[in-house]
Amino acid sequence: MKKLVLFTVLFLFGVSAVVFYENRVSLPPAISLRIEKQPTIGYRKAPIHLVVFEEPKCPECRDFSLHVYPRLKTEFLDTNLMRYTVVPVSFIPGSMPAAIALLAAMNQEEDFQNEELFFHFLHYMYQHQPDEATDWATVQTLKTFAKGTSAAIDLDRLRLALAKETYRGQIEKNTDYGMEIMQGELVTPTAYVNGIRAEDLNYTALSHLIRAVLQQGDKR
């Protein structure tokens, strides 16, 4: 009887080990992302780093920002399990001024990146995003969006950054980088969980991927 019990325990342990191993190797391979100085919020030692490429005029980015991100924020960001980075890009006609405005708001103070202000501005922009086909990213509209976001945004500095296209170079580099890592087809939004590209960006699928990486203790 003791031998039977021992055999059963060992068998179940073996099955569990196989299942665990299969779960561990089921995740896609991760890539190393270069995201220095990109707008980032959250606990810097969090085990999960979610990086999302977003386009200001992209309607799918709007849907992600308004419907998926808030739930991820509550479950993972606010509990110190996740850092969150947005890499702003521009490839939709007329979106460059909006992308520039976002970085201008973040960098309006010398030697200080105000990431929180970037995310507030981005969220407000998506909340009020006009139709993609319209040429809405004008100086006047972006100043109106900035005023609606926060009194902390310096409108004169914003106007000057837009006139000089101060951050065009950085946005273009971001866009080229997105093209590079996505093998020539830049799609937004695209999300990476510790370097693993998420195949589906609905909340259920993305949160499942995050929990799977957490379960494996993957710190890549």
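Treat the numbers as computed from the prediction; the structure is a model and nothing was measured.

Digging into unusual backbone geometry
- Of the consecutive residues Thr188 and Pro189, the connecting peptide bond is found in the cis state with omega at -5°.
- Checked against the element boundaries, Pro189 lands in the loop between helix 7 (168-181) and strand 4 (190-193).
- Positive phi is not limited to glycine here, since Asp111 has a value of about 65°.
- Following the sequence through the fold, Asp111 ends up in the loop between helix 3 (96-106) and helix 4 (115-127).

Focus: the packing of helix 5 (residues 139-149) against helix 6 (residues 155-164)
- Relative orientation of the contacting elements helix 5 and helix 6 amounts to 145°, with a least axis distance of 10 Å. The interaxial crossing formed by helix 5 with helix 6 has right-handed handedness. Where helix 5 approaches helix 6, its residues Val139, Leu142, Lys143, Ala146 and Lys147 are matched on the opposing element by Leu155, Leu158, Arg159 and Leu162.
- Taken together, the residues that form the contact of helix 5 with helix 6 break down as 6 nonpolar, no polar and 3 charged.

Some thoughts on the packing of aromatic side chains
- Inspection of the entire model under this criterion finds 7 aromatic pairs.
- Between Phe53 and Tyr177, the aromatic rings sit 6.3 Å apart at their centres with planes inclined by 45°, giving tilted as the arrangement. Of this pair, Phe53 sits in strand 2 (residues 48-54) while Tyr177 sits in helix 7, and the two are 124 residues apart along the sequence. The pair formed by Phe53 and Tyr177 is uniform in burial state, with each residue classed as buried.
- A centroid spacing of 5.2 Å and a plane angle of 80° characterise the contact between Phe118 and Phe119, whose relative ring orientation is edge-to-face. Both residues of the pair, Phe118 and Phe119, belong to the buried class.
- Following the ring pairs from residue to residue traces out a cluster consisting of Tyr69, Tyr84, Phe118 and Phe119.
- Just above the ring of Tyr203 sits the side chain of Arg71; from NZ or CZ to the centre is 3.8 Å.

What counts and what doesn't
- Residues numbered from 1 in each chain as written.
- Predicted model: local features only at pLDDT ≥ 70, side-chain atom pairs only at ≥ 80, totals over all residues.
- Heavy atoms only, no water.
- Helix = DSSP H or I, 4+ residues; strand = E, 2+ residues; numbered from the N terminus.
- Axes fitted to C-alpha atoms, helices over the stretch in contact; angles between N-to-C directions.
- Left-handed = near helix turned anticlockwise from the far one by under 90°.
- Contact = heavy atoms within 4.5 Å.
- Nonpolar A, V, L, I, M, F, W, Y, C, P; charged D, E, K, R; others polar.
- Phe/Tyr/Trp six-rings, centres within 6.5 Å; stacked < 30°, edge-to-face > 60°.
- Buried < 20%, exposed > 50% of the residue type's maximum accessible area, 1.4 Å probe, protein only.
- Lys NZ or Arg CZ within 6 Å of the ring centre and 35° of its normal.

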